[in-house]
Amino acid sequence: MIRYGLTLTAAAGIAGGLLAATPAAGDSDPPAAPEWAACPAGVVTTLPLECATIPVPLDYDEPEGEQIEIAISRMASVSPTERRGILLTNPGGPGYSGLSLPGELYDRGIPYSVLNAYDVIGMDPRGVGQSSPVSCGFTLGQAYTSNIPPYAVDAAGVAAHAEVVKDVAAQCAANDPEGRMQHMTTANAARDMDTIRAALGEEKMSFFGLSYGSGLGAAYASLFPERSDRVLVDSNMGGTSLDRDTQRRFGLGLEKRFPDFTKWAAKRDDSYGLGSTPREVRATYFELAKQYDEQPVPGFGGTEFRLYTFLGTYKDAPFATIAQMWQSLKVGDPEAAQRQAEQLDTTVPADPAVAAEPTEAAEPVPNPSDNALSSYLAYTCNDTEWPEDLATYQKDVETDRKRYPLFGAASANINPCAFWHNDPVDPPLDVNPEGPRNVMVLQNLRDPATPLLGGELVREAFGDRASLVSVDAGEHGVYVFDDNACALNTATSFLVDGELPRRDMFCRAS
């Protein structure tokens, strides 16, 4: 997400005949209207939301077969006379619950003109949260603690992690005896969105999604172009899926973003002592990474140092915590550094960045982030094909370690998708350039998780359907989640009045 990213929870042309032939909600009798009620525990927002569930086919090729439940939330329009329709939202992941997002947007100050125009709808995608959740059975103490691979200092490090993720893939298979995970694809999630549209009695649907949510919006606009109204895709991955190229771009993203932090820290050298110039601060990063590679302490080594620094750059506000963590490591206080590091991932409570030390408990303790970790893997591994040979990952790690020395040897490392247990039920979904001109691509220039290249690729793939609004900023998430007046005004005008810039445009720094 937009939460600190695709992280510890875990992050052109028309599609082929199989996707085109797949039944959509609007092709049959519409589903029954949902029965709205109080939201389940955990959906906590300042403004109370209504929640409901909608049945959808597990397999859209068998629409009358097994059904699963998709949980949705609603913040109804505050001005029915100005109501345009529904605005479905998604916070990213994949694997993040979206039920609370309408309330979070309200708390963050989304303009009332948008709240007048739409019922804002949240959703837990299939397999996530309240929507028929899946589980790989992750427990505390496992070696696998993050869907972002660890930094591999050499080829042996890649091979060692391969053994870990091979076991994870087998574990996920063992915990999925009915084969539900194979139906967790972005294309199926987009079909679920169209079922939601039909159940709510709407001819068209608008959408706002961030990070992985941008891929979900691109998928919906590609599969159902004539049913898409206004589509705002923010902090873009580069297509409809979190594929291998997207993961590897974490390395590029941190290289682009890191100068924002080094400039900030250099101006505060008298306080933090990390270097008086950006070059010196960057050198301090490599010194600390090497030191803790060679002399790790329990629960904290070079891998954790790099990962938490990466997480901290998702927003500007945590820069002080990054600097504090580095300072603690410089003075030899890793326990303080661990406490500060935990503050850099505040998105999923109780989700440890580093595995807890194994205990003597009779039974393993379930990981509170089991579902988030599991659903991320299901979508990521099912959407596209991943290389299966170890040598490819070792070669890519070596390449990206040199090309993107800050983090490239992490983002290019192997993950469980190399050993995944099922073949995709959908072919990879390309962005569809045929359809109405109704897509705004919103992108910060120096986003560490989804760098500018992702937005440029999506804009190019949509062709005349889209305009790119690029913003001179470094955070992950633009609309409402950042504070650029130009971007806010431009995106609001699009959602409310349909004003899509005729050409790509650039927003200067606030």
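Use the structure listed above.
Residues numbered from 1 in each chain as written. Predicted model: local features only at pLDDT ≥ 70, side-chain atom pairs only at ≥ 80, totals over all residues. Heavy atoms only, no water.

### A short note on the overall build of the protein
Across its full length, the protein holds 17 helices and 10 strands. At 22 Å, the protein has a C-alpha radius of gyration in line with the 24 Å of a compact globule built from 510 residues. Principal axes of the C-alpha set define a box for the protein whose edges measure 65 × 50 × 40 Å. Burial analysis of the protein (510 residues in total) assigns 60% to the buried set. About 19500 Å² of surface is accessible on the protein, with carbon and sulfur atoms providing 49% of the total. (Helix = DSSP H or I, 4+ residues; strand = E, 2+ residues; numbered from the N terminus. Rg over C-alpha atoms; globule rule 2.2 N^0.38 Å. Buried < 20%, exposed > 50% of the residue type's maximum accessible area, 1.4 Å probe, protein only. Areas by Shrake-Rupley, 256 points an atom, 1.4 Å probe, with all protein chains shown as cover.)

### Section: unusual backbone geometry
Each neighbour pair has its own omega, and for Gly93 with Pro94 the value is -5°, a cis peptide bond. Structurally, Pro94 can be placed in the loop between β4 (85-90) and α2 (101-107). Of note in this structure, Ser132 is not a glycine but carries a positive phi near 50°. Among the structural elements, Ser132 can be located in the loop between β5 (118-123) and α4 (155-174). Notably, Ser211 is not glycine yet its phi reads approximately 60°, a positive angle. Here Ser211 lies in the loop between β6 (205-210) and α6 (212-223).

### Here we look at helix α11 (residues 319-330)
An ideal rise of 1.5 Å per residue puts 16 Å on 12 residues; α11 measures up with 17 Å between its terminal C-alpha atoms. Among the residues of α11, those classed as buried are Phe319, Thr321, Ile322, Ala323, Met325, Trp326, Ser328 and Leu329. Residues of α11 that are buried sit in contact with α7 (244-266), α8 (269-272), α9 (278-294), α10 (302-312) and α12 (334-342). Just beyond α11, the residue with positive phi is Gly332, at close to 80°. (Expected span 1.5 Å × (residues − 1). Contact = heavy atoms within 4.5 Å.)

### Re the state of the cysteines
Applying the stated criterion across every chain yields a total of four disulfides. The disulfide partner of Cys39 is Cys51, and the gap between their sulfur atoms is 2.0 Å. Here the disulfide of Cys39 and Cys51 is right-handed, its torsion about the S-S bond being about 90°. Within this pair, whereas Cys39 is found in the loop between β1 (37-38) and β2 (50-57), its partner Cys51 is found in strand β2, the two being separated by 12 residues in sequence. The exposure class of Cys51 is buried, given its relative accessible area of 6%. (Disulfide = S-S within 2.5 Å.)

### Quick notes on helix α13 (residues 370-383)
Residue pairs spaced three or four apart in an α-helix point in one direction, given the helix's 3.6 residues per turn. Here α13 spans 20 Å end to end across 14 residues, near enough to the 20 Å set by a 1.5 Å rise per residue. Burial runs high along α13: 14 of the 14 residues are buried.

### Observations regarding the packing of aromatic side chains
Evaluated as defined, the whole model comprises 20 aromatic pairs. With 5.6 Å between their ring centres and 20° between their planes, Phe138 and Tyr144 make a pair best called stacked. Relative to Phe407, the ring of Phe310 lies with its centre 4.6 Å away and its plane at 15°, an arrangement referred to as stacked. Highlighted residues: Phe310 in helix α10 and Phe407 in the loop between α14 (390-403) and α15 (408-411), separated in sequence by 97 residues. You can call Phe310 buried: its relative accessible area is 0%. Look at Phe407 and you get buried, because its relative accessible area is 1%. Feature note: the residues Phe258, Phe261, Trp264, Tyr272, Tyr285, Phe286, Phe305, Phe319 and Trp326 constitute an aromatic cluster, connected by ring pairs. Its guanidinium or amino end placed over the ring of Tyr151, Arg306 lies 3.6 Å from that ring's centre, counting from NZ or CZ. (Phe/Tyr/Trp six-rings, centres within 6.5 Å; stacked < 30°, edge-to-face > 60°. Lys NZ or Arg CZ within 6 Å of the ring centre and 35° of its normal.)

### A word on the pairing of β2
The pairing of β1 with β2 spans two bridges and is antiparallel. Within the sheet, the bridge partner assigned to Ala38 lies in β2 and is Glu50. (Pairing = 2+ DSSP bridges.)

### What about the nonpolar core?
One finds Ile72, Phe261, Phe305, Met325, Trp326 and Phe407 to be the most contacted residues of the largest nonpolar core, which totals 105 residues. Residue contributions to this core peak at seven residues, all from α7. Discounting chain neighbours no more than four positions away, the residues touching Phe261 are Leu274, Val281, Phe319, Ile322, Ala323 and Trp326. By size, the runner-up hydrophobic cluster in this structure holds 34 residues, among which are Ala71, Ile110, Phe208 and Leu500. (Core = buried A, V, L, I, M, F, W, Y, C linked by side-chain atoms within 4.5 Å.)

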